[in-house]
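# Remarks on the overall topology
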Amino acid sequence: MPTPVKLSVLDIGWRGYEPAFIHSYAACTGGSVFTNPKKVPAGPVLLVLRKNNLRRASAAIDGLRKQGSKILI
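Residues numbered from 1 in each chain as written. Predicted model: local features only at pLDDT ≥ 70, side-chain atom pairs only at ≥ 80, totals over all residues. Heavy atoms only, no water.

## Section: the overall build of the protein chain
Within the protein chain, the secondary structure is distributed over 2 helices and 4 strands. Listing each helix as α and each strand as β along the protein chain from the N terminus yields β-α-β-β-α-β. Counting over 73 residues, the protein chain shows a buried share of 30%. In the protein chain, the share of contacts with a sequence separation of at least 24, taken over all contacts with a separation of at least 6, comes to 65%. A total of about 5100 Å² of accessible surface is found on the protein chain, and carbon and sulfur atoms cover 58% of it. (Helix = DSSP H or I, 4+ residues; strand = E, 2+ residues; numbered from the N terminus. Buried < 20%, exposed > 50% of the residue type's maximum accessible area, 1.4 Å probe, protein only. Contact = heavy atoms within 4.5 Å. Areas by Shrake-Rupley, 256 points an atom, 1.4 Å probe, with all protein chains shown as cover.)

## Re the environment of A57
Tracing the backbone shows A57 in helix α2 (residues 54–66). Residues A57 and P37 lie 20 residues apart in sequence; the distance between their C-alpha atoms is 9.2 Å.

## Structural notes on the confidence of the model for the protein chain
Summarising the model, the protein chain shows a mean pLDDT of 78, and 82% of its residues fall at 70 or more. Taken element by element, the protein chain is modelled with least confidence in strand β3 (residues 46–49), mean pLDDT 70, and with most confidence in α2, mean pLDDT 86. (pLDDT = per-residue confidence, 0-100.)

## Considering the environment of D11
Relative to the elements of secondary structure, D11 occurs in the loop between β1 (7–10) and α1 (23–29). Put simply, D11 and H23 are 12 residues apart on the chain and 8.7 Å apart in space, counted from C-alpha to C-alpha.

## With respect to the pairing of β1
The side-chain alternation of β1 yields two buried faces, one formed by L7 and V9 and the other by S8 and L10. With 2 bridges joining them, β1 and strand β2 (residues 33–34) adopt parallel strand pairing. The partner of L10 across the bridge, within β2, is F34. (Pairing = 2+ DSSP bridges.)

## Section: α2
For α2, spanning 13 residues, the distance from its first C-alpha to its last is 18 Å, which sits close to the expected 18 Å at 1.5 Å a residue. By the burial criterion, the buried members of α2 are A57, A60, I61 and L64. Buried positions in α2, seen along its axis, are confined to an arc of 100° and lie on one side of it. Turned more than 90 degrees off the buried face of α2, the exposed positions are R55 and K66. The positive-phi residue at the C-terminal boundary of α2 is G68, with phi of around 95°. (Expected span 1.5 Å × (residues − 1). Arc of directions from axis to C-beta.)

## Re the side chain of S8
Its place among the elements puts S8 in strand β1. Among all residues touching S8, those that are not within four sequence positions of it are A26, G31, S32, F34, V45, L46, L47 and V48.

Below, the structure written as structure tokens:
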């Protein structure tokens, strides 16, 4: 039987007033929502990055890949 995927969302700088429906993907799969890439646990975590600041997103992707995370954009 395949292992269920827990979808985590990295939403850098989220302050709670933007649409939260993106975060429901994490909630429905038993995953987590992170606002700081440094707090994402090491290992094979599938992430959806949601942010329009491409420099910050690119830096987060680089750091997360170095620690072994799988990333879905």
